[in-house]
Amino acid sequence: MDTIDKLTILAAAAKYDVACTSSGVDRKGQKGGIGNASSAGICHSFAADGRCITLLKVLLSNSCVYDCCYCVNRRSNDIRRATFEPRELAELTIQFYKRNYIEGLFLSSAVIRNPDYTCEQMIKLLEILRNEYRFGGYIHAKAIPGADERLIRKLGLLTDRMSVNIELPSQESLKLLAPDKNKESILGPMALISQNIAESRELKRYKSAPQFAPAGQSTQIIVGATPETDYQILNLSAALYKKYGLKRVFFSAYMPVVEHKNLPALTSKPPLLREHRLYQADWLMRFYKFNASELLDEKNPNFNPYVDPKCSWALSHLDSFPVDVNTAPYEMLLRVPGIGLTSAERIIEARRVGPLNFDGLRKLGVALKRAQYFILCSGRAVEGLKMSHESILRGLLSDRSMRLMDGTMGEQLSLFDDTFVTREDVLKCLTGQI
Amino acid sequence: MLDRPDLIYRYDGSFEGLMCCVYESFYKREMPLSIISREEAQQSLFEAREIVTDNAKAARVMKAVKEKISGEAMRLVYRAYLTDLRDREVHILRFLVLGFKCGAKVLKMLTDDRVAILYKAVTRLGNEAELLRGFVRFSDFGGGLVATIEPKNNVLPLLKHHFMSRYPGGSFIIYDKTHRLALVVYKGQSRIVQSDDFVPPSPEMDELRYRAMWKRFYNTIAVEGRENPKCRMSHMPKRYWAHLTEMQEISDSGRLAGDDKAALKSVQEKRGKIKTRAVNFDCQELV
């Protein structure tokens, strides 16, 4: 089989893994080698689905010995199979990298023969890249659950980031859809990786030892295949950040690729808006210092489809507002809808040389359309501002949500009334537009 | 400083030349209506005063900016010079007038129009450079890499370090078609040169094969059912597509189409031609 045919099969098999970042590590190019890494990450292209392409994302093989019902690669599925030779894929990676198509390699694999053998093949490939080509670009490898600890350790020393996908957000869902796996078989390797990362950081203080996955660990959770609420998913990801020191938790709207009685029908649409809201919340937790418990609770376990989680929080905490931009602390500025990380920093800078007014805020990049309801400039609000629930809500809604609202609810909407159209209705309208 | 709405400065388009315009303006205590490069001047009807580039004067201005305002201000000014901001020269001059008056705190005066306009333009420059770090597409010609870009801003000085680190000790050319400049790196030595007629060589067989594979990968990796042309367009604006391998119509089979065969024939003779004139001053330390 030609390399291009293998590439087609093994890229198609890898595309549902959403993680495609090259972030978290800075490394200069070494003489005699090829490649560097930049901690902000670099997007090289954007696919037709609007997602960024950073890494050559492929499986080493899709010939799997397992039979997980939700997986396209399961043994009993009748599909074309292919396996890269380690050297073949190393060469392809270098050729793509040289042309600046990619930032590096995202390597995963179905289980060939057994977990140890699979892991050994991956190591062989990465050793060719790192040692023969002296490749300094980014490498992300998926840990193969069930592989020997020493092999996982070896793999980690060759990579920048490692990941183990949780996929299903609860033990019950795992039991239902992936009877071969259990919580321990996933969390075990995750704990092992996080322990290795911690030890490697410790060692780094004393000598320039090779580092274990210096860009940290990530995971992926499928959203919408099983009945967990946003609250459960958010709590799970918060716990993962805390307990295993994960760098990123990715969410993937479930795409029905397999027909099964325990799975949503093949005709169901992926819950893209829900995925989007979860990412927004994830962002708030990682950069805006929000806690999961502030964003959702048992009474309100799902995100509002119309307004983003930050606006939602502000609306239910109107007593904390308005804040004066000339005196409010950075942490509070971050909580104002319409003020982002950059504009909050700029406000802090600019107010050192003189008081800010609304015109000045606009120049700093503050979205006054949303922010105006929550801020004062030296004690004064925007002139002629209407502070009714109706007007605030209209200010916070995106144009798209606005059109939706107008179509369904007309002028009667109220902020605190929960008689919104159902999430499913919204999804039908929004699918594919986010 | 005297406003001179009747006065236009004409300079050679180089950064040093612009610094000499700043020198002239302060020396004569006058604010010209505009500052234009010689190239623009050819299309202009107005008389203009020729400002001769003098590296010693330029160095004096740069030293003064660093000492009396700050190094950060110098960096901002150099970057603003690289942007596509209309009348950027005069905006830079106005900023410097304010800067010499207020000192280092000028950089915090983000709501002053004279400062905000530079920051905004420089942000756009930075954003474009960041995009191009990903969107540059090299072709391999027996070890030498060649790429063409068509950016709005003059991003080459901002790309240099990244790509030199990416290919340590390597040789490559990035040609900026908009500004007719080429970043030439040969065995770890770099220069940015002017070049009006850059013709990249024709691709060889192997090169075409990898292009086809990349295009195939690109088409395969998108998840059907999630097509989102708007989102793709906002992240990867259409004006970059002309130089993106994956957005070209190429034979997907990896075999050569008719045009490619013709190209392959001429590859032996046609090598990259590049007429060069070195650009004076390398503002390496400012980037």
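Residues numbered from 1 in each chain as written. Chains lettered and ligands numbered in written order. Predicted model: local features only at pLDDT ≥ 70, side-chain atom pairs only at ≥ 80, totals over all residues.

## Observations regarding the overall build of chain B
Here is step 1 of the chain: Along the backbone of chain B there are 10 helices and 9 strands.
Here is step 2 of the chain: Across the 287 residues of chain B, 39% fall into the buried class.
Here is step 3 of the chain: Across chain B, every contact between residues at least 6 apart in sequence was considered, and the portion connecting residues at least 24 apart equals 73%. (Helix = DSSP H or I, 4+ residues; strand = E, 2+ residues; numbered from the N terminus. Buried ≥ 20, exposed ≤ 12 C-beta atoms within 10 Å, placed from the backbone. Contact = placed C-beta atoms within 7 Å.)

## Examining the interface of chain A and chain B
Quoted interface sizes are often the accessible area lost when the parts come together.
Here is step 1 of the chain: The interface is formed by 46 residues belonging to chain A together with 41 residues belonging to chain B.
Here is step 2 of the chain: The set of elements that each furnish at least two residues to the side of chain A that touches chain B consists of α1 (3–12), β1 (45–46), β2 (52–53), α2 (86–98), α12 (341–350) and α13 (358–364) of chain A.
Here is step 3 of the chain: Per element, the largest residue contribution to the side of chain A that touches chain B is 6 residues, and it comes from α1 of chain A.

## Things to note about the environment of L10 of chain A
Residues and elements named next belong to chain A.
Here is step 1 of the chain: Within the secondary structure, L10 is located in helix α1.
Here is step 2 of the chain: Since 25 C-beta atoms lie within 10 Å of it, L10 is described here as buried.
Here is step 3 of the chain: Expressed as a C-alpha distance, the spacing of L10 and N36, which sit 26 residues apart in the sequence, is 26 Å.

## A few points about the sheet that holds strand β5 (residues 138–142) of chain A
All names here are of chain A.
Here is step 1 of the chain: Pairing is parallel across the open sheet formed by 6 strands, whose spatial order is β3-β4-β5-β6-β7-β8. The open sheet has two edge strands, β3 (55–59) and β8 (248–253), and neither has a second partner. Here the strands of the sheet are splayed against their neighbours by 20° on average, with no regard to which way each runs.
Here is step 2 of the chain: As paired strands, strand β6 (residues 161–163) and strand β7 (residues 217–223) are joined by 2 bridges and run parallel to one another. Within the sheet, the bridge partner assigned to S163 lies in β7 and is S218.
Here is step 3 of the chain: On top of the sheet, helix α7 (residues 230–244) reaches β7 and β8; it is set at about 170° to β7, its chief contact. (Pairing = 2+ DSSP bridges. Axes fitted to C-alpha atoms, helices over the stretch in contact; angles between N-to-C directions.)

## Here we look at the pairing of strand β7 (residues 181–186) of chain B
All names here are of chain B.
Here is step 1 of the chain: Inspection of the sheet shows strand β6 (residues 172–176) paired to β7 by 5 bridges, in the antiparallel sense. Opposite D176, over in β7, you have L181 as the bridge partner.
Here is step 2 of the chain: Where β6 folds back on β7, the antiparallel hairpin that results is connected by 4 residues, among which R180 adopts a positive phi of roughly 50°.
Here is step 3 of the chain: Where β7 meets strand β8 (residues 189–194), 6 bridges bridge the pair, whose relative direction is antiparallel. Counted as the bridge partner of L181 is Q194 from β8.

## Points about the nonpolar core
Here is step 1 of the chain: Ranked by internal contacts, the top residues of the largest apolar core, which has 194 residues, are L10 of chain A together with V77, A80, L159, F172 and I174 of chain B.
Here is step 2 of the chain: Apart from the residues within four sequence positions on either side, A80 of chain B is in contact with L85, R88, H91, I92, L118, A121 and V122 of chain B. (Core = buried A, V, L, I, M, F, W, Y, C linked by C-beta atoms within 7 Å.)

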